[in-house]
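Per-entry structural report
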Amino acid sequence: MKGFLRFHLDPTDAAHRQITRELRQQILHGKLKPGTRLPGLRELAKELGTNYFTVQTALTPLVREGLIERKPKLGTFVMRDTPLMTAVAIFCGSEISREGAAFYHTLCSTLFKRLTELGIEPRLFIDPRPLDRQDDPYPVLMQTIQKGGVQGLVGCMLSRVHHEWLHSLPLPVAVLTTGDFAYGVKNDARQMYEDSFGLLKQKGCRRIAMLTLPTMSHDADRLAAAEHCGIDLRVIQSELSDTHVATQAEHGYTLFRRLWDSSDRPEGLMVFPDGLVPGVITAILEQRIRVPEQLHVLFHGNREIPIHCPFPANWAMASVSQMADALASQLEDQVRNVRVSQILLPFEIVKAS
């Protein structure tokens, strides 16, 4: 069967993933029909210039998907031309605290519903290790993958520390992340800032303050958007204390009091992320600030996680349902062998009524 797989491995991508994709594509497109016997592992490895174990790893997800079957002493055969995905891991790799409880609960619940509707069993995995120790695969998850307990993985709000080992997993992966990941889903921070600053400028705000957290790594997007909109942006970040673990709402309250007590009060205010917003609302009410006469405000929010605000505020709204749908679509496209790239989800700018 010389020349069985006629393609060259790309050194910038994991070899086993490329082989998996190529074989899956040939099966799904009818080039390898049910009943076809594949070459032996060593023969395939020699043809591709790789090794036995890489080819073995590449075939494993196709076995789990029911596309091929290894028959002792007979060989490996194509069994069906549509993939079979019965269970998917939902992996939360960040440290889930009370701060993110509402978001994680809503996202996981929505993913559970979406996957169940597709006839797929969702299985939740939460890595309890500190974030700086999560640059290695979570052992419980890996054991499940190795035993064939799941045929895909959806990652919830994962960071760069996870990307390398996620990229090497022998199964379809879709990740909600703030970083860059080939099969990722992320909110479009640049669009959010440009539209938010643009709206505040339309309302007459030239000097805008932004309250945020140091973990929000959007510096380049913020600066570029501020320059594009022609506004004077002042960014105020919280200083996280080792002696007192404050909630994000407390940080929001403290940041706003610091801002309003200063001599340089802005005309407009943006608050991101939404965890800071309740504290900022409390501080504005305490100070009896008239919104929008004294200050125009724009808050980040999620449509499915309402925040009560008694004064007219503008919002940059994300959608957990949209995130869940995009993650499920990423996974489905990989299973169908549709080439995927990172999905950017836009924010909806909602003007104060």
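Let me sum up the structure you'll find in this document. (Residues numbered from 1 in each chain as written. Predicted model: local features only at pLDDT ≥ 70, side-chain atom pairs only at ≥ 80, totals over all residues. Heavy atoms only, no water.)

1. A short note on the environment of Val-277
Within the secondary structure layout, Val-277 lies in helix H10 (residues 277-286). By relative accessible area, Val-277 is classed as buried at 0%. Ignoring anything within four residues of it in the chain, the contact list for Val-277 reads Val-271, Phe-299, His-300, Ile-307 and Trp-315. (Helix = DSSP H or I, 4+ residues; strand = E, 2+ residues; numbered from the N terminus. Buried < 20%, exposed > 50% of the residue type's maximum accessible area, 1.4 Å probe, protein only. Contact = heavy atoms within 4.5 Å.)

2. Examining the packing of helix H1 (residues 15-28) against helix H3 (residues 52-64)
Packed helix pairs are specified by the crossing angle of their axes together with the interaxial distance, meaning the distance between the axes. Here H1 crosses H3 at 45 degrees, and the two axes come no closer than 8 Å. Here H1 is positioned oblique relative to H3, judged by the angle of their axes. Relative to H3, H1 is oriented so that their crossing is right-handed. Facing Ala-15, His-16, Ile-19, Thr-20, Leu-23 and Arg-24 of H1, the residues of H3 in contact are Thr-54, Val-55, Thr-57, Ala-58, Leu-59, Pro-61 and Leu-62. Split into classes, the residues belonging to the contact of H1 with H3 amount to eight nonpolar, four polar and one charged. (Axes fitted to C-alpha atoms, helices over the stretch in contact; angles between N-to-C directions. Parallel < 35°, antiparallel > 145°, perpendicular 65-115°, else oblique. Left-handed = near helix turned anticlockwise from the far one by under 90°. Nonpolar A, V, L, I, M, F, W, Y, C, P; charged D, E, K, R; others polar.)

3. Focus on helix H6 (residues 160-167)
Inspection of H6 places His-162, His-163, Trp-165 and Leu-166 among the buried residues, and these make up the whole buried set. Contact partners of the buried residues in H6: H1, strand S4 (87-92), helix H5 (139-146), strand S6 (153-158) and strand S7 (173-177).

4. With respect to the sheet that holds strand S14 (residues 343-345)
The sheet built from six strands is open, its strands ordered S5-S4-S6-S7-S8-S14 with parallel pairing. In this open sheet, the two edge strands, each paired with only one partner strand, are strand S5 (121-126) and S14. Strand-to-strand twist in this sheet, taken as the mean axis angle between neighbours without regard to direction, amounts to 20 degrees. When S4 meets S6, the two strands line up parallel, connected through four bridges. Each bridged residue has a counterpart across the sheet, and for Ala-89 the counterpart in S6 is Leu-153. The strands touched by H5 are S4, S5 and S6; relative to S5, the strand with the most contacts, the crossing angle is about 150 degrees. (Pairing = 2+ DSSP bridges.)

5. So, a nonpolar patch on the surface
Side chains of Phe-112, Leu-124 and Ile-126 sit close together on the surface and give an oily, nonpolar patch of about 240 Å² of accessible area. Residue position: Ile-126 is located in strand S5. Using a relative accessible area of 41% as the deciding quantity, one classes Ile-126 as partly exposed. (Patch = residues over 30% accessible without salt bridge, like charges linked within 9 Å, V, L, I, M, F, W, Y side chains within 5 Å. Areas by Shrake-Rupley, 256 points an atom, 1.4 Å probe, with all protein chains shown as cover. Salt bridge = Lys/Arg side-chain N within 4 Å of Asp/Glu carboxyl O.)

6. Here we look at the pattern of salt bridges
Following the criterion strictly, the structure yields 12 salt bridges and no others. The partner of Arg-129 in a salt bridge is Asp-127, and the shortest N-O contact between them spans 2.7 Å. The same class applies to Arg-129 and to Asp-127, which are both buried. Its salt-bridge partner being Lys-186, residue Asp-180 comes within 3.5 Å of it at the nearest N-O pair. In the salt-bridge network here, residues are joined through shared partners; they are Arg-207, Arg-234, Asp-264 and Glu-267.

7. Thoughts on helix H4 (residues 101-117)
Here H4 spans 24 Å end to end across 17 residues, near enough to the 24 Å set by a 1.5 Å rise per residue. Listed in full, the buried residues belonging to H4 are Phe-103, Tyr-104, Thr-106, Leu-107, Cys-108, Thr-110, Leu-111, Arg-114 and Leu-115. Of the surrounding elements, those touching the buried residues of H4 are S4, S5, S6, S7, strand S12 (296-302) and helix H11 (320-335). (Expected span 1.5 Å × (residues − 1).)

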